[in-house]
Amino acid sequence: MEYRADSFLPLHKDTFHILVSLADRDRHGYSIMQDVQQRTAGKLRLSPSTLYAAIKRLLEQGLIEELAERPDADHDDERRRYYRLTELGREVAQAEARRMEQLLADARACGLLPQEA
Amino acid sequence: MRNPQKPNSALFRALLWLYPADFRDEYGREMSMVFSDRYCAASSGGERLRICFEALTGVLKEAPREQLSTLSQDVRYALRTLSKTPSFSFTAVVTLALAIGATTVIFSLLHAMLLRPLPFQNPQRIVRIFNTFQKLGITNFTASVPDFVSYQQRARGFTELGGFTSRAVTLTGDGQPDHAEATVISANLVPMLGIQPLLGRAFLPEEDKPGHAQVAMISEGLFERRYGRDAAIVGRTIRVDGHAHTVVGVLPQQMGFSSKAEVWLPLAPDLAKENRSNHYLSVLARLKPGFSLQGAQADLNRVCSELGKEFPGSNGGWGARLVPALDWVVGRKLQTSLWVLISSVGLLLLVACANIANLLLTRASARREEMSVRMALGASRARLLRQMLTENLVLATIGGCAGLLLAAVGLAGLQKLLPVGTPRVDTLGLDSPVLLFALAITFATSILFGLAPAWLASRSTLNSALRQSGRTHSGRNPLRQSLVVGQMAIATVLVIGTALLLQSLARLQDSQPGFRPDHVLVASISLPEGKYPTQDHAAAFYRRLLPEVQALPGVTSAGVASMTPISGDDTSMTVAAGPGPSQPQEKPRQASWRIISPGAMETLGVKLVRGRFFSQSDTPDQKPMVISEGLARRLWPDGTDPLQQQVHLGNGQVFNIVGIVGDVRHAGLAEEPPATMYMHSSWYLWPTMVLMVRTSGDPLAMAGPLREAVRRIDPDQPLFAVRTMSEIVAADTAQPRLRTGLMAAFALLALILGALGVSGVVAYGVARRSRELALRMALGATPGQVQGSVMRTGGSLALLGLAVGLASALGLGRFLSSLLYQVQPNDPVTFSAIGATLLVVSLLACWVPSRRAVRIDPAASLRNE
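In this text the structure is predicted, and so the values were computed from the model without any measurement.

What counts and how
Just so you know, the residues in each chain are numbered from 1, in the order the chain's sequence is written. Numbering of ligands from 1 and lettering of chains from A proceed in the order in which they are written. Since the coordinates come from a predicted model, pLDDT governs what is reported: local features require at least 70, and pairs of side-chain atoms require 80 or more to be given and counted, while whole-chain, interface and lining totals use all residues. Secondary structure elements follow DSSP: runs of H or I of four or more residues count as helices, runs of E of two or more count as strands, with numbering from the N terminus. All radius of gyration figures rest on C-alpha atoms, and the globule criterion is 2.2 Å times the number of residues raised to 0.38. Counts of 20 or more other C-beta atoms within 10 Å of a residue's own C-beta define buried residues, counts of 12 or fewer define exposed ones, and intermediate counts define partly exposed ones; C-beta atoms are placed from the backbone. Contacts here follow a simple rule: the backbone-placed C-beta atoms of the two residues must lie within 7 Å. As a working rule, the residues Ala, Val, Leu, Ile, Met, Phe, Trp, Tyr, Cys and Pro are called nonpolar, Asp, Glu, Lys and Arg charged, and the rest polar, with Gly in that last group. Strands were regarded as paired on the criterion that DSSP finds at least two bridges between them. Buried Ala, Val, Leu, Ile, Met, Phe, Trp, Tyr and Cys residues whose C-beta atoms connect them within 7 Å together make up a nonpolar core. These domain limits were set by an automatic method or by a database of domain assignments. Per-residue confidence from the prediction method is given by pLDDT, with values spanning 0 to 100. Helix axes use the C-alpha atoms of the stretch in contact, all axes being lines fitted to C-alpha atoms, and the angles between their N-to-C directions lie in the range 0 to 180 degrees. Any angle between 65 and 115 degrees counts as roughly perpendicular, while under 35 counts as roughly parallel, over 145 as roughly antiparallel, and the rest as oblique. Handedness of a crossing follows from how the near helix is turned relative to the far one, being left-handed for an anticlockwise turn of less than a right angle and right-handed for a clockwise one.

K.L.:
Before we go on, may I ask you to explain the overall build of chain B in this structure?
P.N.:
From N to C terminus, chain B includes 26 helices and 23 strands. Here the C-alpha radius of gyration of chain B, 36 Å, is well above what a compact globule of 865 residues would show, namely 29 Å. Dimensions of chain B along its principal axes, counting C-alpha atoms only, are 105 × 85 × 50 Å. Across the 865 residues that make up chain B, the buried fraction comes to 44%. Residue pairs at least 24 apart in sequence account for 83% of intrachain contacts in chain B once pairs closer than 6 positions are excluded.

K.L.:
Is there a simple way to explain the overall build of chain A in this structure?
P.N.:
Across its full length, chain A carries four helices and three strands. Listing each helix as α and each strand as β along chain A from the N terminus yields α-β-α-α-β-β-α. If you take every contact in chain A between residues at least 6 apart in sequence, the share linking residues at least 24 apart comes to 56%.

K.L.:
Looking at this model, I keep getting lost on the interface of chain B and chain A. Mind explaining?
P.N.:
How large an interface is tends to be reported as the accessible area lost when its parts come together. Listed per partner, the contact involves 17 residues of chain B and 14 residues of chain A. Put simply, the parts of the chain that give the side of chain B that touches chain A at least two residues each are helix 2 (21-41) and helix 3 (45-84) of chain B. Looking at which element gives the most residues to the side of chain B that touches chain A, the answer is helix 2 of chain B, with nine residues. Residues of the side of chain B that touches chain A, tallied by class, amount to eight nonpolar, one polar and eight charged.

K.L.:
In this structure, what is going on with the sheet that holds strand 3 (residues 82-85) of chain A? I would like to understand it.
P.N.:
Sheet strands line up and pair through hydrogen bonds in the backbone, either parallel or antiparallel. Residue and element names in this part refer to chain A. The strand order 1-3-2 describes an open sheet built from three strands, whose pairing is antiparallel. The sheet is open, and its two borders are formed by strand 1 (27-28) and strand 2 (64-66), each paired with just one other strand. Direction of pairing for strand 1 relative to strand 3: antiparallel, over a ladder of two bridges. Paired with H28 across the strands is Y82, a residue of strand 3.

K.L.:
Explanation requested: the pairing of strand 22 (residues 688-695) of chain B in the structure shown.
P.N.:
On a regular strand, each side chain points to the face opposite its neighbour's, so the side chains alternate between the two faces of the sheet. All names here are of chain B. Burial analysis of strand 22 places seven of its eight residues in the buried class, the great majority of the element. Across seven bridges, strand 13 (residues 520-526) lies against strand 22 in antiparallel orientation. The residue of strand 22 that forms the bridge with S526 is T688. Alignment of strand 14 (residues 555-561) against strand 22, held across six bridges, turns out to be antiparallel. From the neighbouring strand, A561 faces strand 22, where its bridge partner is V690.

K.L.:
Even after reading the chapter, I still don't get the environment of T50(A), so can you show me in this structure?
P.N.:
With respect to the element layout, T50(A) can be found in helix 3 (residues 48-61). Taking the number of C-beta atoms within 10 Å as the measure of exposure, T50(A) has 21 and is therefore buried. Separated by 40 residues in the primary sequence, T50(A) and P10(A) have C-alpha atoms spaced 18 Å apart. The contact partners of T50(A), leaving out residues within four places of it in the chain, are D14(A), G58(B) and E62(B).

K.L.:
Is there a simple way to explain the nonpolar core in this structure?
P.N.:
Among soluble globular proteins, nonpolar side chains are generally buried collectively. Residue and element names in this part refer to chain B. With 101 residues, the main nonpolar core has L348, F746, A750 and V758 as its most contacted residues. A total of 17 residues in this core trace back to one element, the largest contributor, which is helix 11 (residues 332-366). Setting aside chain neighbours within four positions, we find V758 in contact with V484, M488, G794, L797, A798, S842, A845 and C846. Grouped together as the second largest cluster of nonpolar side chains are 65 residues, L222, I238, L251 and M255 included.

K.L.:
What is the right way to read helix 1 (residues 13-21) of chain A from this model?
P.N.:
Of all the residues in helix 1 of chain A, the buried ones are T15(A), H17(A), I18(A), L19(A) and S21(A). Turning to helix 1 of chain A, the residues buried within the fold contact strand 1, helix 2 (29-39), helix 3, strand 3 and helix 4 (87-109) of chain A.

K.L.:
Before we go on, may I ask you to explain the domain arrangement of chain B in this structure?
P.N.:
All names here are of chain B. Domain assignment breaks chain B into domain 1 (10-77), domain 2 (123-329), domain 3 (473-511 + 751-865) and domain 4 (532-715). Taking only C-alpha atoms, the centre of domain 2 and the centre of domain 4 are 28 Å apart. Taken together, the contact pairs eight residues of domain 2 with seven residues of domain 4. Its residues assigned to classes, the side of domain 2 that touches domain 4 shows four nonpolar, three polar and one charged.

K.L.:
Any chance you could explain the confidence of the model for chain B here in plain terms?
P.N.:
A low pLDDT score tells you not to read the predicted coordinates there in detail. Residue and element names in this part refer to chain B. On average, residues of chain B score 86 in pLDDT, and 95% of them are at 70 or above. Note that residues 469-474 has pLDDT below 50 and, in this model, six contacts with residues that lie over four places away or in other chains. Interface scoring of the predicted complex returns ipTM 0.86; its pTM is 0.75.

K.L.:
Could you clarify how one ought to interpret the pairing of strand 10 (residues 263-266) of chain B in this entry?
P.N.:
All names here are of chain B. Of the two faces of strand 10, the one carrying V263 and L265 and the one carrying W264 and P266 are both buried. By the bridge criterion, four bridges tie strand 5 (residues 178-185) to strand 10 in an arrangement that is parallel. Note on strand 10: the bridge partner recorded for I185 is P266. Pairing of strand 7 (residues 215-219) with strand 10 involves two bridges; the strand directions are antiparallel.

K.L.:
Please clarify how the environment of G757(B) should be interpreted in this entry.
P.N.:
Residue and element names in this part refer to chain B. Tracing the backbone shows G757 in helix 22 (residues 734-768). Between the alpha carbons of G757 and A357 there is a distance of 9.9 Å; along the sequence they are 400 residues apart. Residues in contact with G757, not counting those within four places in the same chain, are A354, N355, N358, L483, V484 and Q487.

K.L.:
Could you clarify how one ought to interpret the packing of helix 16 (residues 478-510) of chain B against helix 24 (residues 783-816) of chain B in this entry?
P.N.:
A pair of packed helices is captured by two measures, namely the crossing angle of their axes and the spacing between those axes. Residues and elements named next belong to chain B. Contact pair helix 16 / helix 24: the axes reach a minimum separation of 7 Å and the direction vectors enclose 40°. Accordingly, the angle class assigned to the pair helix 16 and helix 24 is oblique. Taken as a pair, helix 16 and helix 24 cross one another with a handedness that is right-handed. When grouped by side-chain class, the residues that make up the contact of helix 16 with helix 24 number 18 nonpolar, seven polar and no charged.

K.L.:
Is there a simple way to think about unusual backbone geometry in this case?
P.N.:
Residues apart from glycine generally show negative phi values, whereas peptide bonds are mostly found in trans. Put simply, L9(A) and P10(A) share a cis peptide bond, and its omega is -10°. Mapped onto the elements, P10(A) comes out in the segment before helix 1. Phi at A41(A) is positive, roughly 50°, even though this residue is not glycine. Mapped onto the elements, A41(A) comes out in the loop between helix 2 and helix 3. Looking at A41(A), the number of C-beta atoms within 10 Å reads 7, which means it is exposed. For R424(B), which is not a glycine, the phi torsion comes out positive at approximately 60°. Counting through the fold element by element, R424(B) comes out in the loop between helix 13 (381-417) and helix 14 (432-458).

K.L.:
How do you make sense of the packing of helix 1 of chain A against helix 3 of chain A when you look at a structure like this?
P.N.:
All names here are of chain A. Between helix 1 and helix 3, whose axes approach to 10 Å, the crossing angle comes to 75°. Taken together, the axes of helix 1 and helix 3 lie roughly perpendicular to each other. Residue-level contacts link D14, T15 and I18 of helix 1 to T50, A54 and L58 of helix 3. Looking at the contact of helix 1 with helix 3 residue by residue, the classes come out as three nonpolar, two polar and one charged.

K.L.:
Could you clarify how one ought to interpret the environment of N826(B) in this entry?
P.N.:
All names here are of chain B. Here N826 lies in the loop between helix 24 and helix 25 (828-854). Exposure remark for N826: the 15 C-beta atoms within 10 Å place this residue in the partly exposed category. Residues N826 and A809 lie 17 residues apart in sequence; the distance between their C-alpha atoms is 8.2 Å. Excluding anything up to four places from it in sequence, N826 contacts L810 and G813.

This is the structure we're talking about:
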């Protein structure tokens, strides 16, 4: 079934952070959790329940996929499962980033935020 | 050694059980790992605590969402699946709706009458005291006022005793004269029961004394009906039977032991005027803390024994028995009826569950392939089981909702069918406890009918499905067969029970009341004491009224009596043959008594056996008495002719027997006719008398002319409780009729379901064995042999069910015995007749589907293989 990226918007903040986390590399659950925590300077802490509920939904929606092989097989626990952003997932993440960018621009235009240098 | 920073993940893993099984299977292990990783990476105890807290709140937040998501997915799938098999779904929903609806209706009756507590404080401590006279089998009698006072003074097992008696009164002064039911109570009765007046107060002890009783309370119903809910009624004066009474309070209409009373007056007993033989007071008591019913009973026995010794003439032989308030209000017979009905409808529900389970088993075989494919695609067995249970729940929920609709309709109908005076049905309806019950049985049925089929279906594997498409089958399935045996057994029990009740009802309706109820109209007249202060005033009223009524066109005869036959009311007194206690001829006996005017016996159509009825020329000095045949036999068992003999009563009065009449079933059609004496109305008139007229045409058409006749004599005098005698007789059998009707409906449904069950098993067997049967026919078996072989399977199951049912009915019969009239619970004729009928029904149920077996085309069937 064809999905338009815009139909997923706006994304829940947890979902967006997970997609961002998978944008540059494939990761397992714990790695996603750590990445999100680091990038948000500890402001967003995903619990195992929130993380895997989101992963389940993203898998069902086809925004991420599970990898058949582990990318770092030698240095990793073989029981871990890795996830990758799908093409659709990347489009959705980009669409959400653009939406946020537009929001930011609107906020600047109204004087809510200072103009960019 | 365990790393001290490594968490014990068992608790977290236990929390994961809150998730649906498939989610847990998919992500549980990883979630535990992630939790463990985070915990180990934490730098401080506070951080670790925070991680545990986040994990806990995360699970508590997400697990219900996952459960809901899986449930909604399963429900959608279930609805799709059910819509694909509309005939199965329709049959199952209708079966469930009928069973759940019927069970809900009967439960709401049970709840309203028995399970709901009486509106008293600590109702389980309230008891009714009945006077008894064992030698005569009197077990439910009222007390005399002096006895009531003696109980109050001497019994140690009660904190308090209160008494009441009922009478009809006339309200005048505020608008039209109005008839009202009044209950006369001791001042402590309302506080003893813990009932709070809605307005004002209850009676004070000083208002319960002769000469100080000019107060009254009114019921909420009268408060609304006559006084438009004007709170200013409290403190105002109303006229009750012509006397002024100040209203001091308004009581709830439903008082637990009375719902009809509209006026409450103080008893104010005048012991100087009361005597111990005059039993008219109903006594209630509250058990003292620390006293059990048995303890209080033992103490009351002591009091009765003392009174018997002190007052041998009035109290010798009399005892008292305690009955819990609920048993008294609802009555043993009605309680038994309710338990029999709820058990029957429960059995019907079981039969319905068995039927649906059978349908599901058939469906499960058809879905085996689907299940195998889903398992092959990775669905776990738990997942499949959950899916099937959800389907069952969806089915049960639809059936439950439809059942509730049916129950609402059924309750509306039942309220119209319930006999007048059925206790505690004022709150009958689909209230929250009943809805909760309906919800509970809906869930319970979904488990009952669905668990085993779902379990069996989820056991299928791809291999078994592949194997299934193989050769022949025996068509046997032990679970299905047990279900059919159970269904037939239950249906047999219900049909036997119904047949016994039907026979009992038929005999009850055939039982002769001892008079001719057709073409008789009865109505009550209550003469207010203020306007008719003496017997002469009352006698003068009736002397004018009766000729006026007799002269009405269409009236063939008329009379008055102190009570309507079969009304359930009674008065009794001791009586002995001979002119007085000095005569040693006979020991005294207890007999019912009635006051009747000349013409009353002729109006009722009571048979004159010997002597004569009363006449207008009888005078009070002659003290004439008519007695029933039963009393004549008791007083003169040696066959002495009672005519012209004398009897003396417990109060010392002597009467002369002038006539003997046939026995009348005054206590009800199902009761033995009491030994009865009839006194002439010139002897005494009650404040309330019953006017009876025999008409040549429709008796109800005479109600208007009768009212006019009464008004011509006293314009303030209302006529109330106007009914035909036929109605009263029919009302006496209304309860057994309703009970039997409901049982018959349940039994019929159970029988249809049972027969369908047998039929279904045979049809299933034919379908599964079609190749084997085709092969047998191809090898030369005749159609008769093939049909016989198929019928034997179903027939033997039905026979087994029938045998189990007959044996169970024999064992369970004793529960019905108190509801049966002139029928034995193990009546051999009923058992044989019903056994034979059910056998024919079972064979028919097998024969219809077995015809399919002989229609199998061997060539076509074997080619398909």
